[in-house]
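# Coordinate inspection notes
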Amino acid sequence: MRSTLLLCCSLLAFTGHSQVFMRPFDNAAVMAMGGAGIALPGLSAGLNNDAQAGMLTSGSPGVWAGSAIPYGLSGWQTAQIQGIIGLSKGSGLGLDVMHSATSAYAEQRFRLAYGRRLGENIFLGGSADVLRVSAQEYGSVTAATFSVSILAQALPKVWLGAKLQNPFQQKIGDDIPISLFRVGGVWKPTELFLFTFETEKDLERPAQIKAGFEYRPHSLLAVRAGMRTGTVARAGFGAGLRLKNGLALDVGSEWHPSLGITPAAMISWRKE
């Protein structure tokens, strides 16, 4: 009953704004930092900015796989898998597949990203996205869109990032997938600590302000916490464990004051 009510409320909200396709849930590492991942300078938390692929060297593959249980509802399934590979020094490709579904409604996003180094400390990226929505009794529909992004080291300890998603508002059927603009920064005074913040805005909803931090008390352990504001403020927290041979395990949760906790977990591997 609770899941049905939540789904109906979500679909009504999207219909009223003539939009479809929900904002995907962040992976465990980024969720723990309040969702502020657009300006992260490394790939330890996954490919959050297409321009990050420009940091790769030839080869250097990596894979991230994770899942979340939105608000603890067992009938709502979400999953994400990402893969990256360097094409040359200063360019790389990424593939991102996201899935979110209940018994009556499902969404999938397939994203092929490319990033390239433009200068010593500036990177440009872009992606082609294929979106698919299906609902019982209504059938399914598929559409394509794209995004552009940038990542730059503005100061020795400061990184800036931005991304524009679906800038021309391509449609899925008669509706429009969410068009987003994200811009943020990261202050990283040492390898042990970073503070990240971000503003996210789409055309139909109030802006979200996100902020979080990551602290590494040990080279194998990362502790994270954060907050995002919007219609409702939500808190995030979690931790990451760096294992041997490039393996890592991240867990995170986001607390919604009305709907409860969304737990998430992610396992990843990168060639060292």
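Residues numbered from 1 in each chain as written. Predicted model: local features only at pLDDT ≥ 70, side-chain atom pairs only at ≥ 80, totals over all residues. Heavy atoms only, no water.

### Some remarks on the pairing of strand 5 (residues 105–119)
- Alignment of strand 4 (residues 91–101) against strand 5, held across 11 bridges, turns out to be antiparallel. Bridged to A101 within strand 5 is A106.
- Linkage of strand 4 to strand 5, two consecutive antiparallel strands, is achieved through a turn of three residues.
- Bridge count for strand 5 against strand 6 (residues 122–135) is 14 bridges, and the pairing is antiparallel. Following the sheet pairing, Y105 is matched in strand 6 by A135.
- Hairpin remark: strand 5 followed by strand 6, antiparallel, with two residues in the connecting loop. (Pairing = 2+ DSSP bridges. Helix = DSSP H or I, 4+ residues; strand = E, 2+ residues; numbered from the N terminus.)

### Points about the packing of aromatic side chains
- For the structure shown, the criterion picks out seven aromatic pairs.
- A ring pair is formed by F25 and Y71, whose centres lie 6.1 Å apart and whose planes are at 70°; its orientation type is edge-to-face. With F25 in the loop between strand 1 (19–20) and helix 2 (28–32) and Y71 in the loop between strand 2 (59–68) and strand 3 (77–88), this residue pair connects regions lying 46 residues apart in the sequence.
- Note on Y71: relative accessible area 12%, which makes it buried.
- An angle of 80° between the planes, with centres 5.8 Å apart, marks the rings of F25 and W76 as edge-to-face. Of this pair, F25 sits in the loop between strand 1 and helix 2 while W76 sits in the loop between strand 2 and strand 3, and the two are 51 residues apart along the sequence. (Phe/Tyr/Trp six-rings, centres within 6.5 Å; stacked < 30°, edge-to-face > 60°. Buried < 20%, exposed > 50% of the residue type's maximum accessible area, 1.4 Å probe, protein only.)

### Topic: the pattern of salt bridges
- In total, this model carries 15 salt bridges according to the counting rule given.
- Notably, a salt bridge pairs E198 with K210, separated by 3.3 Å at the nearest N-O pair. With E198 in strand 11 (residues 193–202) and K210 in strand 12 (residues 208–218), this pair connects stretches of sequence that are 12 residues apart. Per residue, the accessibility class of E198 equals that of K210, and both read buried.
- Connected through shared salt-bridge partners, E214, R216, R224, R242 and D250 make up one network. (Salt bridge = Lys/Arg side-chain N within 4 Å of Asp/Glu carboxyl O.)

### Considering the environment of R117
- Topologically, R117 is positioned in strand 5.
- Owing to a relative accessible area of 36%, R117 belongs among the partly exposed residues under this scheme.
- Sequence-wise, R117 and A51 are 66 residues apart; in three dimensions their C-alpha atoms are separated by 8.0 Å.
- Aside from chain neighbours lying at most four places away, what touches R117 is G54, G90, I122 and F123. (Contact = heavy atoms within 4.5 Å.)

### Some remarks on the nonpolar core
- Membership of the largest hydrophobic core comes to 25 residues, with the highest contact counts inside it found for L40, L43, L47, I84 and V186.
- Mapped onto this core, the elements with two or more residues apiece are helix 2, strand 2 and strand 16 (260–270).
- No other element matches helix 2, which puts four residues into this core.
- For I84, the residues in contact, after removing those within four places along its chain, are L43, L47, L56, S60, P61, G62, W64, L93, G94 and R270. (Core = buried A, V, L, I, M, F, W, Y, C linked by side-chain atoms within 4.5 Å.)

### Remarks on the pairing of strand 2
- Here strand 2 pairs with strand 3 via eight bridges, running antiparallel. When the sheet's bridge partners are listed, S67 is paired in strand 3 with A79.
- The pairing of strand 2 with strand 16 spans seven bridges and is antiparallel. Among the inter-strand pairings, G62 is bridged to a residue of strand 16, identified as R270.

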